[in-house]
Amino acid sequence: MSVGGQTVGKDIRLVVVTSRGTLDIPPAAITAFSSSPSNGVDQRKGFDGKTRTLVTPGPWQGSLDIDRFNSSVEDYWAQIEADYYAGVNTPYGTIQETIQEPNGGITQYRYEDVALDLKDLGSKTADKAVTIKLDFHASRRTKIQ
C-alpha cells in the first residue's frame with residue numbers, strides 16, 4: 001500500500017513477543033512506531049591535527065503508540081511488576097518488523113533481547129481514544145529476509 005513509490009505506515013506490521021508469549025496487539029491498534037540505533041561515537045585527534053571519528057553499532061531503542069483495544073499491554077505490565085517484586089527473572093523478548101516494500105517485496109527485521117518499558121497508559125477522556133505509549137530497548141536489530 002505504498003504511496004508514490006514510498007513506504008507509509010500502513011506498510012509496516014509488528015509482532016511483539018515477550019517472555020510470556022505474543023502480546024495481543026491488533027494491527028489497527030498500533031498508530032505509530034519509531035526506532036533508532038544508539039551508536040557509539042569516539043572522536044580521536046591525532047598529532048597531525050586531524051579528527052578521526054569511529055562509529056560503532058550500538059543497541060536500539062524506540063516506541064510504539066497503541067490505541068487501547070484490549071487490556072493486553074496493561075495485563076502484561078501487571079505481570080512484569082508482580083514477577084519483579086516476587087524475585088522472578090524476566091527474560092527478554094523480540095519485536096519482528098515486516099515491511100511491504102513498494103516493489104511488492106517483503107523485508108523483515110528482528111529486534112533482539114527486547115526490554116519493554118511502559119511509559120504511559122494514556123489519558124482517559126470522554127469521546128477520545130486512549131493511547132498507550134510503550135518504549136523498547138533492544139541489544140540489536142538483524143535482517144531476517
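Everything here concerns the structure above.
Rules of the game
- Residues numbered from 1 in each chain as written.
- Predicted model: local features only at pLDDT ≥ 70, side-chain atom pairs only at ≥ 80, totals over all residues.
- Heavy atoms only, no water.
- Core = buried A, V, L, I, M, F, W, Y, C linked by side-chain atoms within 4.5 Å.
- Buried < 20%, exposed > 50% of the residue type's maximum accessible area, 1.4 Å probe, protein only.
- Helix = DSSP H or I, 4+ residues; strand = E, 2+ residues; numbered from the N terminus.
- Contact = heavy atoms within 4.5 Å.
- Expected span 1.5 Å × (residues − 1).
- Arc of directions from axis to C-beta.
- Pairing = 2+ DSSP bridges.

**With respect to the nonpolar core**
In step 1: Leu23, Ile66, Leu116 and Phe136 are the most contacted members of the largest nonpolar core, which totals 20 residues.
In step 2: Looking at this core, the elements that each hand over two or more residues are β1 (12-18), β6 (60-67), α1 (72-85), β8 (106-120) and β9 (131-138).
In step 3: The residues touching Leu116, leaving out its near neighbours within four places in the chain, are Val16, Thr18, Leu23, Tyr76, Trp77, Leu134, Asp135 and Phe136.

**Some points on α1**
In step 1: The end-to-end C-alpha distance of α1, which contains 14 residues, comes to 20 Å, matching closely the 20 Å that a straight helix rising 1.5 Å per residue would cover.
In step 2: Among all positions of α1, only Ser72, Val73, Tyr76, Ile80 and Asp83 are buried. For α1, the angular spread of buried residues about the axis comes to 95 degrees, placing them on one side.
In step 3: Those residues of α1 that are buried are in contact with β1, β6, β8 and β9.
In step 4: Phi turns positive, to about 80 degrees, at Gly87, one or two residues after α1.

**Notes on unusual backbone geometry**
In terms of backbone geometry, most residues other than glycine have negative phi values and most peptide bonds are trans.
In step 1: Not every positive phi belongs to a glycine, and Asp113 is a case in point at roughly 50 degrees.
In step 2: With respect to the helices, strands and loops of the structure, Asp113 is situated in strand β8.
In step 3: We note that Asp127 has phi near 65 degrees; this positive angle belongs to a residue other than glycine.
In step 4: Note on Asp127: relative accessible area 86%, which makes it exposed.

**What about the pairing of β1?**
In step 1: For β1 and strand β7 (residues 93-100), the ladder comprises six bridges, and the chain directions are antiparallel. Pairing of Ile12 across the sheet is with Ile99, part of β7.
In step 2: Strand direction decides the pairing type here: β1 and strand β2 (residues 21-22), joined by two bridges, are antiparallel. Looking across to β2, one finds that Thr18 is bridged to Gly21.
In step 3: Following β1, the chain reverses through two residues before pairing antiparallel with β2.

Read these as spatial facts, not as claims about activity.
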